[in-house]
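# Structural description and commentary
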Amino acid sequence: MAIADDFQDDAPVEAPPGVMNAKSICDPLTEVIDPARAIFEKWSKIPACEVVEHVNNMRDRAYEVFRMPHIGLYGFLNINLLDFDCYPEILESIKKGALFLDLGCGFGQEVRQVVLDGGPPANIFGADLSNDLMDFGHELFLDKEKLGVRFVQSDIFDHQSTLRLEFRGRFQVIHASNFFHVWPWATTIEVAKYVLDQLSDKPGSVILGTQVGTKKAKNVRFPHVNKSAFFHSTETWKKLWAVVAQEMAIQLDVQATESDFTDQDKNDWPEELEFVRLRFVIRRV
Ligand SMILES: C[S@@+](CC[C@H](N)C(=O)[O-])C[C@H]1O[C@@H](n2cnc3c(N)ncnc32)[C@H](O)[C@@H]1O
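In what follows, the accompanying structure is described. For every chain, the first residue of the written sequence is number 1, and numbering continues from 1 onward in sequence order. Per-residue local features are limited, in this predicted model, to residues with pLDDT of at least 70; the limit for side-chain atom pairs, both in listing and counting, is 80 or more; totals at the level of whole chains, interfaces and linings are taken over all residues. Processing note: side-chain calculations cover all non-hydrogen atoms of the structure and skip hydrogens and water entirely.

## A few points about the side chain of Ser200
The test is simple: Going along the chain from the N terminus, every DSSP run of H or I of four or more residues is numbered as a helix, and every run of E of two or more is numbered as a strand. Polar contact is the term for a pair of N or O atoms within 3.5 Å; when the atoms are in protein, one must be able to donate a hydrogen and the other to accept it, and sequence-neighboring residues count only if both atoms are side-chain atoms.
Tracing the sequence through the fold places Ser200 in the loop between helix H9 (185-198) and strand E6 (206-214). Within the structure, the side chain of Ser200 is placed 3.0 Å from the backbone nitrogen of Lys202, a separation counted as a polar contact.

Written out as structure tokens, the structure reads:
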């Protein structure tokens, strides 16, 4: 694999011990801002003056059980879909019948945004390895009785999963944020193929999301948990999908952009990594 080979001589960067080791938790919030606030007020019907307390209490409860940085650092309050220029068009297609999947949805905040914006729950799906995370989403958003969205427990590596068997090729929109960036190059190729397999073959069907990237691509080792990952630049991200498209004999239009990385979790990392937010829109041609 030419691109991965380009990086084989590069000594991998070592992640600081706290990362992937679940020690990422910040102080409680003093405010919860839009768009997350709007979901809690308009969808969950929590009085404005109670939102901050509710979110902090839920974060603390969740972190006791799921020791994950995106919980400890309130990543579940980010509604990434709204950052995409194509979101209105995507929303319209969902309203007209396109099936939407939030893959690796965690608590499912993006699912609630689409429902709040008028997406029909029957066209909206969430999937995650952990049923417990998706269940907790109902407690966070107070909507077990009213949401009506189907959440599908699925391991992306399990080719006998419900997602695979029941929904192969059925989604016209797959959103996956903070999902693809935790695996080595070869594994990410495998995951990308799986996700494409879930996507409808209709031209215009789209995979979109945002994740941690780096200005210059790097192999990263997590010695304390014996894992490694390939941190992508926009360039290598596009190349990875070009490899996948070629191997699957399909045509894709891949857009990838970077913006400033403002997350709180970057302080202990070696400076050479230069984190960015990598945003992508991948369409079937
Ligand atoms: C960092 S979280 C991101 C959650 C959410 N997308 C967000 O941005 O807030 C990554 C999610 O991917 C899920 N995940 C990890 N490995 C998975 C797998 N093999 N199959 C399905 N989901 C997986 C995790 O359970 C977790 O909820």
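From this point, the narrative continues.
## Looking at the sheet that holds strand E5 (residues 173-175)
Threshold: At least two DSSP bridges between two strands are required for those strands to pair. Convention adopted: a line fitted to C-alpha atoms gives each axis, helices being fitted over their contacting stretch, and angles between N-to-C directions are expressed from 0 to 180 degrees.
Sheet architecture is open: 7 strands sit in the order E4-E3-E2-E5-E6-E10-E9, paired in mixed fashion. Across the chains shown, the open sheet's two edge strands, defined by having one partner strand only, are strand E4 (150-153) and strand E9 (252-260). Each strand axis lies, on average, 20° off the axis of its neighbour in the sheet, ignoring direction. Across 3 bridges, strand E2 (residues 100-103) lies against E5 in parallel orientation. Residue Asp102 lies in a different strand from E5, and its bridge partner there is His175.

## Points about the nonpolar core
Heads up, the condition is: The nonpolar core is taken to be a set of buried Ala, Val, Leu, Ile, Met, Phe, Trp, Tyr and Cys residues, with the residues joined through side-chain atoms within 4.5 Å. Burial classification: accessible surface area is computed with a 1.4 Å probe over protein chains only, and a residue below 20% of its type maximum counts as buried, one above 50% as exposed, and the rest as partly exposed. Two residues qualify as a contact provided that any one of their heavy atoms is within 4.5 Å of a heavy atom in the partner residue.
Core analysis: the biggest nonpolar cluster contains 45 residues, and Phe40 and Phe107 have the highest contact counts within it. Elements supplying a minimum of two residues to this core: helix H2 (36-43), helix H3 (51-65), helix H5 (87-95), helix H6 (109-116), helix H7 (131-141) and E6. A per-element tally of this core places H3 first, with 6 residues. Setting aside its immediate chain neighbours within four residues, Phe107 contacts Ala62, Phe66, Ile71, Phe76, Arg112, Leu133, Phe136, Gly137, Leu140 and Phe141. In terms of nonpolar packing, the next biggest core, distinct from the first, is built from 39 residues, Leu101, Ile174, Val244 and Ile282 among them.

## Some remarks on the sheet that holds strand E1 (residues 13-14)
Spatial strand order, E1-E7-E8: 3 strands in an open sheet with mixed pairing. Every other strand in the sheet has two partners, leaving E1 and strand E8 (227-231) as the edge strands with one partner each. As defined by bridge partners, E1 adjoins strand E7 (residues 218-222) across 2 bridges and the pair is classed as parallel. Along E7, the bridge assignment pairs Glu14 with Arg221.

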